[in-house]
Amino acid sequence: MILVPCPFCGSRNSSEFRWCGEVKARPDPNSTTQAEWRDYLYMKSNAAGWIAETWYHREGCGRYFRIERNTLTNEIHAAEAGSPVSIDADAASESIGIRR
Ligand SMILES: [Zn+2]
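Presented here is an overview of the structure given in this document.

What follows is about the environment of A25. Within the secondary structure, A25 is located in the loop between strand 3 (18-22) and helix 1 (34-42). Classification of A25 by C-beta neighbours within 10 Å gives exposed; the count is 6. Measuring from C-alpha to C-alpha, the distance between A25 and Y40 comes to 8.2 Å, with 15 residues separating the pair along the chain.

In this section: unusual backbone geometry. Positive phi is not limited to glycine here, since N46 has a value of about 50°. Relative to the helices and strands, N46 resides in the loop between helix 1 and strand 4 (50-56). Non-glycine residue N74 carries a positive phi angle of around 65°. For N74, the position within the fold is in the loop between strand 5 (64-70) and strand 6 (76-81).

Rules of the game
Note that residues are indexed from 1 along each chain, following the sequence as it is written. Where totals are concerned, whole chains, interfaces and linings use all residues; where local detail is concerned, this predicted model gives features only for residues with pLDDT of at least 70, and gives and counts side-chain atom pairs only at 80 or more. Strands are runs of DSSP state E lasting at least two residues, helices are runs of H or I lasting at least four, and both sets are numbered from the N terminus onward. Note on burial: count the other C-beta atoms lying within 10 Å of the residue's C-beta; 20 or more is buried, 12 or fewer is exposed, in between is partly exposed, and C-beta positions come from the backbone.

Below is the structure:
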């Protein structure tokens with residue numbers, strides 16, 4: 001069993017959570033290439049050691065947060081509240097052709 005430290009609820013069994021992936025910078029959709037966008041969506045570093053990840057507490061508070069986890073030992077530290085993505089609604093609407 002892996003205990004995941006939710007910053008809002010405390011430590012809980014990892015079965016209560018959804019792993020949302022590695023934390024990485026989102027490229028600008030207006031200037032990125034298809035290959036860069038594909039890499040952002042589908043390619044993972046799969047590093048052996050400490051990585052930053054986003055988790056979602058689906059059976060608890062329903063919030064997203066970030067942790068640092070060692071992929072070799074599953075040791076976890078540094079949980080902090082956060083959102084998996086930040087969306088600029090105006091820029092997103094403009095990029096898909098919606099006028100607001
Ligand atoms: Zn929680």
